[in-house]
Amino acid sequence: MLGRISAALQTAVDTIAPPVPLLQDFIYHWKQVMRFYDTKDDELNVPIESTHLPIHLEQMLTALQEEQDESRRYKEGSEVHSGPCLEYLIQHRVPDLLASLTVADTPSGMRHLGLVFFSRLTSLAYTQLLSQPALHEPIQKIVKMCGQTAASPTEAQEVRLLCVLAAVIGQKPDLASLFCKAPTSVPGSPATSASSSQESTPSPIHEDSRRNENLIIEALLKFIDSADGRLRVKTCESLLVLTNIASTAHLIAEESTLAETVALRLAMLHCEVPPSIEPSELEDMHASWGMDNPLDVREPYPGCRQLAAYLSWWNFCDKMVGDSRPEIGRSLVSNIQDHFLVRQLQTRICAGAELASNPEEEDPKQLQDSVITLVHVGKLLRECKAPLLRTGLSHWIAGVTTHSVLDTSVRDSILRLLEVAHGDLAVETMRLMEVMVDETFEPALQSLIFSHFAPLKVTAHISSELEVSLEGKYQPSLTFAPKNVQATLEGFLQLLPPFLRTGETEAGYETYLQDAQRQYQAMWKKCLCLGWPLEVVAAEEDGNSSDSRPEDEHTDGVPPVLKTLFHRIETFPEQEYELNLQLTSLLSRLAILPHAGLYELLLSPGQVSPTNQSPEQLISGIGLAVSLRRLALRLAKEAPSVSNLQKRLRSTRNKLLGDPSLSEDNPNQPPLTNEQESLLESIVVLEEFCKELSAITFVKYHLHSPV
């Protein structure tokens, strides 16, 4: 009812006094703005709130909005053209004058008002008209002004203008060249003459020239470290839009500071994370670039906010590499390798390898830095999804980047740490290797493991096409499903002599079957596109004899990484329980991989249950089964020194795998020495590891059996 009365009254008023035409109203308000600036200079020093400028500029925008709505209403379905108000604005170069007033901030507060005006004008103006110099040149002037003052009062308005402009460019990529590269002066202009006269003088710093050449990109980069988290997120969103435009991708990659600035910010945020952060806190932290934590949130532990900011920015880097054009992605990966991976992470990893090699020079602080750095690298690998960035990380680990200024590569440092490190340093190195396996960083695995295999004649590869044709079934493989698989299972389950078993070994591997099948099915899907060998036999002696192949220190064809892990297996009793547990976890992950070369060294029946061999031959050679047999023989020799062995084995098993309250220790018995306790723990770990290997062997046989 009230709406009808209001409409009737408005109709009556319009009949008596018709509304002023939009163009006439627009011109009136613009002339009022000009009349204000025609006053004396001392009257321009008043705050803008005490003038009528906000009202007049608001009415001008209202007229433009009504004109646009009218045009769309009456010309629905056809191309919408500019109306008389917009034509007047363009012809009389209204934006040019307003841009000058905005930059000058005259009167005080005009910058804020001008930024709001240009934000709305940019969203209102038809995209085809933004290509006209009368519109885009004033906007370029405003964009160049944005970000010149850090934490300015108009920061929010500046970001809003840049984000609106980025959204318009995203909808109309043809406009990108106008705002991603500053226009050059026309021939004969003063700027051109000045530049030509200075050709013989040294040019300014290259970075400054790049900043002047890429207007909107460089303006947005000034806000990526804003104290306002919402502005940071909006800035990052706009950068993602602009880096996905094909026409300016090469320009942004080669002639802007985008990649360098983003990489340097990552390095800076990493430096701000306190070294007191615990590895568990780092691994449990989940952060996304679009979820900035407010500054007033209470930290659950010191350094939590810095850690969240660092991981959030890594997530943004991953997002940008994955979503941007390949030229920009490659440039960003290259800068991340140079400024962050090599100069910060690799330096600390190499220092850790040096410390491990010289225990007498051990520095606890530097050792802790190396440990937490390995945890950082593992976290980065887990959180990395972009293929280009994954490849860049793999090449950095393998030591094939062009940025390394160090003599020792990450690969060499990892090999050294696996060989000589102890304690947390060794544990975290193995965890890093485990992450590479779980996340299938194939180039890194190729450098560390697969490239060292002996020459093999490959008769079949994993094929994604065959996987589809078999409707989800796995490719048959005589390597993964040998005829004598039962002998292999018995070889693992009966590795320990009966007096060292807890009574559950022979039937206990079923508890690992479900996890093994789930892990192998997930790993198989990840490895479909890698083309790893599925079926291999020993290479025939043809033209590629050992004499014709280049010299290699590893002529037995066993990767150095596996040699080191096999040696670690044999030294179980001298190592910490946590290290032994991590070692078996890493080897089981390697055994899960669908690679026939790994199967031959880890699970092959010829390794596990060789026939017609003497006891001396059973422990000769190199392989996981050989090292396990050597360990079992050693444990069998040393275990009888422990009194009441079976009860203490069950007690140790309950303490490690179950409820410590079920311990059967007799207080009247002499306490165990550290060596005896380590011996019992080694027996329990070995027993469970053999069950796990049996489960993996059975799963591969079951899934790849041709029957």
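The structure displayed is predicted, hence computed values, not measured ones.

**Student:** Got a minute to help me understand the overall build of the chain in this structure?
**Tutor:** The helix and strand tally for the chain stands at 35 helices and two strands. Looking at the chain as a whole, 49% of its 707 residues qualify as buried. Sequence separation of at least 24 residues holds for 79% of the intrachain contacts in the chain that already meet a minimum separation of 6. Looking at the chain as shown, the accessible area adds up to about 34,300 Å², and 53% of this sits on carbon and sulfur atoms.

**Student:** Would you mind showing me how to read the packing of helix α17 (residues 304-323) against helix α18 (residues 326-357) here?
**Tutor:** The axes of two packed helices give the description: the angle between them and the distance between them. Following both chains from N to C, one finds α17 and α18 inclined at 145°, their axes separated by 9 Å at the closest point. Residues Tyr310, Trp314, Cys317, Met320 and Val321 of α17 touch α18, and the partners they reach there are Gly329, Leu332, Val333, Ile336 and Phe340. Taken together, the residues of the contact of α17 with α18 sort by class into nine nonpolar, one polar and no charged.

**Student:** I keep staring at the pattern of salt bridges and nothing clicks. Help me out?
**Tutor:** For side chains bearing opposite charge, pairing can occur when the charged atoms are close. Overall, the coordinates contain 21 salt bridges when judged by the stated rule. Taking the shortest distance from any N to any O, the salt bridge between Asp96 and Lys141 comes out at 3.6 Å. Note that Asp96 is positioned in helix α5 (residues 94-104) and Lys141 in helix α7 (residues 133-145), a separation of 45 residues in sequence. Residue classification places Asp96 among the partly exposed residues on the basis of a relative accessible area of 26%. Taking the relative accessible area as the measure of exposure, Lys141 reaches 33% and is therefore partly exposed. Residue Arg634 is joined to Glu574 by a salt bridge in which the shortest nitrogen-to-oxygen separation is 2.0 Å.

**Student:** Would you explain unusual backbone geometry in this entry?
**Tutor:** Most peptide bonds take the trans configuration, and most residues that are not glycine carry a negative phi. Between Thr106 and Pro107 the backbone carries a cis peptide bond, its omega angle lying at -5°. Positive phi, close to 50°, is recorded for Arg93, a residue that is not glycine. Position of Arg93 among the secondary structure elements: in the loop between α4 (84-91) and α5. In this structure Arg93 comes out as partly exposed when scored by relative accessible area, which is 37%. The backbone phi angle of Asp105 is positive, close to 55°, even though this residue is not glycine. One can find Asp105 in the loop between α5 and α6 (110-124). The exposure class assigned to Asp105 is partly exposed, which follows from its relative accessible area of 29%.

**Student:** For this particular structure, what's the right way to read the packing of aromatic side chains?
**Tutor:** Aromatic ring pairs are defined here through the distance separating the ring centres and the angle between the ring planes. Per the stated rule, a full pass over the model turns up eleven aromatic pairs. Their ring planes at 80° and their centres at 6.1 Å tell us that Phe26 and Tyr88 sit as a pair that is edge-to-face. Placement of the pair is Phe26 in helix α2 (residues 22-37) and Tyr88 in helix α4, with a sequence separation of 62 residues. Across the pair, Tyr88 and Phe26 agree in class, each one buried. Both rings, one in Tyr509 and one in Phe698, keep their centres 6.4 Å apart while their planes meet at 65°; by these two values the pair is edge-to-face.

**Student:** Got a minute to help me understand the packing of helix α20 (residues 387-398) against helix α21 (residues 410-420) in this structure?
**Tutor:** Relative orientation of the contacting elements α20 and α21 amounts to 60°, with a least axis distance of 5 Å. In this view, α20 runs oblique relative to α21, as classed from their interaxial angle. Along the contact surface, α20 presents Trp396, Ile397 and Ala398, while α21 presents Val410, Arg411 and Ile414. Grouping the constituent residues of the contact of α20 with α21 by class yields five nonpolar, no polar and one charged.

**Student:** Quick question: what am I supposed to make of the side chain of Arg501 here?
**Tutor:** You can see Arg501 is positioned in the loop between α25 (485-493) and α26 (505-508). With a relative accessible area of 13%, Arg501 lands in the buried category. Of note is the side chain of Arg501, whose polar atom sits 2.7 Å from the backbone oxygen of Leu496.

**Student:** Any chance you could explain the environment of Glu439 here in plain terms?
**Tutor:** Along the chain, Glu439 falls in the loop between α22 (423-438) and α23 (442-448). Taking C-alpha positions, Glu439 is 9.2 Å from Cys384, a pair spaced 55 residues apart along the chain.

**Student:** Looking at this model, I keep getting lost on the environment of Lys691. Mind explaining?
**Tutor:** Structurally, Lys691 can be placed in helix α35 (residues 674-704). Sequence spacing of Lys691 and Tyr512 is 179 residues, and the spatial spacing of their C-alpha atoms is 7.3 Å. Within the structure, the side chain of Lys691 is placed 3.1 Å from the side chain of Glu688, a separation counted as a polar contact.

**Student:** Help me understand the state of the cysteines, please; the structure alone is not making it clear to me.
**Tutor:** Disulfide: a covalent bond formed between the sulfur atoms of two cysteine residues. Overall, the coordinates contain zero disulfides when judged by the stated rule. Of all cysteine sulfurs, the one in Cys236 lies closest to Cys163, which takes part in no disulfide; the gap is 9.8 Å. In this structure Cys236 is a free cysteine whose sulfur lies 9.1 Å from that of Cys317, the closest cysteine sulfur available.

Thresholds applied
Residue positions are given per chain, counted from 1 along the sequence in the order it is written. The model is predicted, so local features are restricted to residues of pLDDT at least 70 and side-chain atom pairs to those at 80 or more, both for listing and for counting; the totals for chains, interfaces and linings are taken over all residues. Side-chain calculation: all heavy atoms of the structure are included, whereas hydrogens and water are not. Secondary structure elements follow DSSP: runs of H or I of four or more residues count as helices, runs of E of two or more count as strands, with numbering from the N terminus. For each residue, the accessible area found with a 1.4 Å probe, counting protein chains only, is set against the maximum for its type, and the residue is called buried under 20%, exposed over 50%, and partly exposed in between. Note on contacts: a residue pair qualifies if any of its non-hydrogen atoms lie within 4.5 Å across the two residues. Computed with a 1.4 Å probe, the accessible areas rest on the Shrake-Rupley method; for each residue, only the protein chains presented here act as cover. To obtain each axis, a line is fitted to C-alpha atoms, and for helices this fit is confined to the stretch in contact; angles are then taken between N-to-C directions over 0 to 180 degrees. Amino acid classes used here: Ala, Val, Leu, Ile, Met, Phe, Trp, Tyr, Cys and Pro are nonpolar; Asp, Glu, Lys and Arg are charged; the rest, including Gly, are polar. Should a side-chain nitrogen of Lys or Arg be within 4 Å of a carboxyl oxygen of Asp or Glu, the pair is scored as a salt bridge. Note on aromatic pairs: the rings of Phe, Tyr and Trp (six-membered ring only in Trp) are paired at centre separations within 6.5 Å, and the planes decide the class, stacked below 30 degrees, edge-to-face beyond 60, tilted for the rest. With respect to orientation, any angle under 35 degrees is reported as roughly parallel, any angle over 145 as roughly antiparallel, any angle of 65 to 115 as roughly perpendicular, and every other angle as oblique. Polar contact is defined as a pair of N or O atoms within 3.5 Å, subject to the rule that within protein one atom must be able to donate a hydrogen and the other to accept it, and that residues adjacent in sequence are counted only when both atoms are side-chain atoms. Any cysteine sulfur atom paired with another within 2.5 Å is treated as part of a disulfide.

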